[in-house]
Amino acid sequence: QVQLVESGGGLVQPGGSLRLSCAASGSIFSINTMGWYRQAPGQQRELVASIGSSGRTDYAESVKGRFTISRDNAKNTVYLEMNSLKPKDTAVYYCNGRLKTSWNLKERVYWGQGTQVTVSS
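Residues numbered from 1 in each chain as written. Predicted model: local features only at pLDDT ≥ 70, side-chain atom pairs only at ≥ 80, totals over all residues. Heavy atoms only, no water.

Let's shift gears to unusual backbone geometry. Notably, N76 is not glycine yet its phi reads approximately 50°, a positive angle. Examined against the element boundaries, N76 turns out to sit in the loop between β7 (67–72) and β8 (77–82). Note on N76: relative accessible area 23%, which makes it partly exposed. In this structure, S84 is a non-glycine residue whose phi angle is positive, near 50°. Relative to the assigned elements, S84 resides in the loop between β8 and β9 (91–100). (Helix = DSSP H or I, 4+ residues; strand = E, 2+ residues; numbered from the N terminus. Buried < 20%, exposed > 50% of the residue type's maximum accessible area, 1.4 Å probe, protein only.)

Laid out in structure tokens, this is it:
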């Protein structure tokens, strides 16, 4: 059983900052890529940022220069530092992880339950 639990969402004014965390727990053998996605009302879920096991990162154009993804492999945790937030960043943010639960099993993608981020004055 694997769980990904996000935290750190909330209400923030435009220009403000938030830090999201996502901790993976359970029967985990190894974690490959971890990432953050978001889904605004009436919109499709979109990739915000991802980070590989070696630390290689990838960002959506809309967040480059404002958001930073990082991970702590010892804690199986990924973070998303969000600065200069804009109203259009308002969405439910989901964490995901591509991982193995045993050395002999294929990787699977697991999702967190989501955390709401609202940017409004």
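What follows concerns the pattern of salt bridges. The tally for this structure, following the rule as stated, stands at five salt bridges. Notably, a salt bridge pairs D89 with R38, separated by 3.0 Å at the nearest N-O pair. One end of the pair, D89, is in the loop between β8 and β9; the other, R38, is in strand β4 (residues 30–39), and 51 residues separate them in sequence. You'll find D89 and R38 in the same group, each marked buried. As a salt-bridge pair, K64 and E61 come within 2.8 Å of each other at their nearest N and O atoms. Among the residues examined, E61 registers a relative accessible area of 63% and is labelled exposed. In this structure, a network of salt bridges that share partners links the residues R38, E46, R66 and D89. (Salt bridge = Lys/Arg side-chain N within 4 Å of Asp/Glu carboxyl O.)

The next thing to look at is the state of the cysteines. Here the structure, examined in full by the defined rule, presents one disulfide. Note on cysteine connectivity: C22 is disulfide-linked to C95, with sulfurs 2.0 Å apart. Negative torsions about the S-S bond denote left-handed disulfides, and the value of about -70° found for C22 with C95 makes this one left-handed. Placement of the pair is C22 in strand β3 (residues 18–26) and C95 in strand β9, with a sequence separation of 73 residues. Classification of C95 by relative accessible area gives buried; the value is 0%. (Disulfide = S-S within 2.5 Å.)

Counting through the fold element by element, R71 comes out in strand β7. D72 provides the closest opposite charge to the buried, unpaired R71, separated from it by 8.3 Å. Within polar-contact distance, the side chain of R71 engages the backbone oxygen of N32 at 2.7 Å. In this structure the side chain of R71 is engaged in a polar contact, spanning 3.1 Å, whose partner is the backbone oxygen of G52. (Lys, Arg positive; Asp, Glu negative; His and termini not counted. Polar contact = N/O pair within 3.5 Å; in protein donor to acceptor, adjacent residues only side chain to side chain.)

This next bit is on the nonpolar core. Among soluble globular proteins, nonpolar side chains are generally buried collectively. Counting residues in hydrophobic clusters, the biggest one holds 29 residues, and the most contacted among them are W36, L80, M82 and Y93. For this core, the secondary structure elements donating two or more residues are β1 (2–7), β3, β4, β5 (46–51), β7, β8, β9 and β11 (115–119). The residues contacting Y93, other than those within four sequence positions of it, are E6, L20, W36, Y37, R38, V48, F67, L80, M82, G114, T115 and V117. (Core = buried A, V, L, I, M, F, W, Y, C linked by side-chain atoms within 4.5 Å. Contact = heavy atoms within 4.5 Å.)

On to the environment of I69, then. Structurally, the position occupied by I69 is in strand β7. Spatially, the C-alpha atoms of I69 and R19 are 9.8 Å apart, while their sequence positions differ by 50 residues.

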